[in-house]
Structures are given as structure tokens and as C-alpha cells.
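# Coordinates in review
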Amino acid sequence: VARGGCHDGYAYVTITNLSFRQSFSEIFVMTATSDVTYHKPIYIFGDQTNDALAELAQNADAQEMVRRYDNRPGVEQVKVFRDFGSGDKDEIFLRGGARSRFKVRTSGYGHRLS
């Protein structure tokens, strides 16, 4: 479950892992115009996934997603979140039932957060 809001030049995101005994790894985040997500969506339900998303899902590596979208017209920024710890505790996985909060700087140009 993902929730968020935007103010002060940031999009504030909260992700809760609702799965049972299934951890999340790297989380790919992109701010872009609606044209980007319309013409080259990250995923279409029922369709076969693209190789970049498969790499993230199967091998916990978001770098292909970064390469797929970085510097494309209409993309404001791409970012990968890898640290789900709090304080001094580094966690590389978001465990089942856990929650992570982060913020993404946005100018408003990329009015879609994916």
C-alpha cells in the first residue's frame, strides 16, 4: 500500500508491506509527466512485464529501471530507495508488515509519482 502527499517541493511517500513473510527490496520511484506513464507505463496489468521490471522483481536490482527512464523527455527524476532502517539501524529489505516513509523532491513539473 502506498500513500503520499505533496507540499513544500517534496512528495511525501509512505509504503506499507502488507505481504506475509515477503520482503520488499529496492523501490524504484519516478516523477514524470502523464505523457511518460501513458506512452511507456511501468507495467500494464495482464501484460508480460518488461525486462527492467523483471530484473527488479526477480533480482532486487533497480538499475535497469533507472536506465529505462532516466533522462527521458518528461521525466523529472528517477530514484531508488534501498535503506528501510530507522536511525542507526540499516535495513536493506522492507519486511512483511513493516512501513517505510521517504520524501522525493519535485518541482511540480513531474506531476505523476510512480
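Please refer to the structure placed before this passage.
Overview of the structure. (Residues numbered from 1 in each chain as written. Predicted model: local features only at pLDDT ≥ 70, side-chain atom pairs only at ≥ 80, totals over all residues. Heavy atoms only, no water.)

## Quick look at the environment of Phe 102
When you line up the elements, Phe 102 lands in strand β5 (residues 99-105). On the accessibility criterion, Phe 102 (10% relative accessible area) is buried. Between the alpha carbons of Phe 102 and Tyr 10 there is a distance of 9.7 Å; along the sequence they are 92 residues apart. Contacts of Phe 102, omitting those with residues within four sequence positions, involve Ala 11, Tyr 12, Val 13, Ile 15, Val 29 and Phe 81. (Helix = DSSP H or I, 4+ residues; strand = E, 2+ residues; numbered from the N terminus. Buried < 20%, exposed > 50% of the residue type's maximum accessible area, 1.4 Å probe, protein only. Contact = heavy atoms within 4.5 Å.)

## Re the side chain of Ser 100
Among the structural elements, Ser 100 can be located in strand β5. Overall, Ser 100 belongs to the buried group, its relative accessible area being 9%. Excluding anything up to four places from it in sequence, Ser 100 contacts Val 13, Thr 14, Ile 15, Phe 84 and Leu 94.

## Considering the packing of aromatic side chains
Under the defined criterion, the tally for this structure stands at 3 aromatic pairs. Their ring planes at 50° and their centres at 6.2 Å tell us that Tyr 10 and Tyr 12 sit as a pair that is tilted. (Phe/Tyr/Trp six-rings, centres within 6.5 Å; stacked < 30°, edge-to-face > 60°.)

## Section: the pattern of salt bridges
Opposite charge on two side chains makes pairing possible when the charged atoms of those side chains draw close. Summed over all chains, the structure comprises 2 salt bridges. One salt bridge connects Glu 26 with Arg 82, and the closest N-O pair in it is separated by 2.6 Å. Within this pair, whereas Glu 26 is found in the loop between β2 (10-16) and β3 (27-32), its partner Arg 82 is found in the loop between β4 (75-81) and β5, the two being separated by 56 residues in sequence. A relative accessible area of 16% places Glu 26 in the buried class. Given the relative accessible area of 40%, Arg 82 is considered partly exposed. Here Arg 67 and Glu 64 are joined by a salt bridge, their closest N and O atoms 2.5 Å apart. Residue Arg 67 and its partner Glu 64 are both found in helix α3 (residues 63-69); the two are separated by 3 residues, about one turn of the helix. Residue classification places Glu 64 among the partly exposed positions, given a relative accessible area of 33%. (Salt bridge = Lys/Arg side-chain N within 4 Å of Asp/Glu carboxyl O.)

## A look at the nonpolar core
Among the nonpolar cores identified, the biggest contains 14 residues, and Phe 28, Met 30, Met 65, Tyr 69 and Val 78 are the most heavily contacted of them. Breaking this core down by element, the ones donating at least two residues are β3, α2 (51-59), α3 and β4. The residues contacting Val 78, other than those within four sequence positions of it, are Phe 28, Val 29, Met 30, Val 66, Tyr 69 and Asp 70. Formed by 10 residues, the second largest nonpolar core is a distinct cluster that contains Ile 15, Ile 27, Phe 81 and Phe 102. (Core = buried A, V, L, I, M, F, W, Y, C linked by side-chain atoms within 4.5 Å.)

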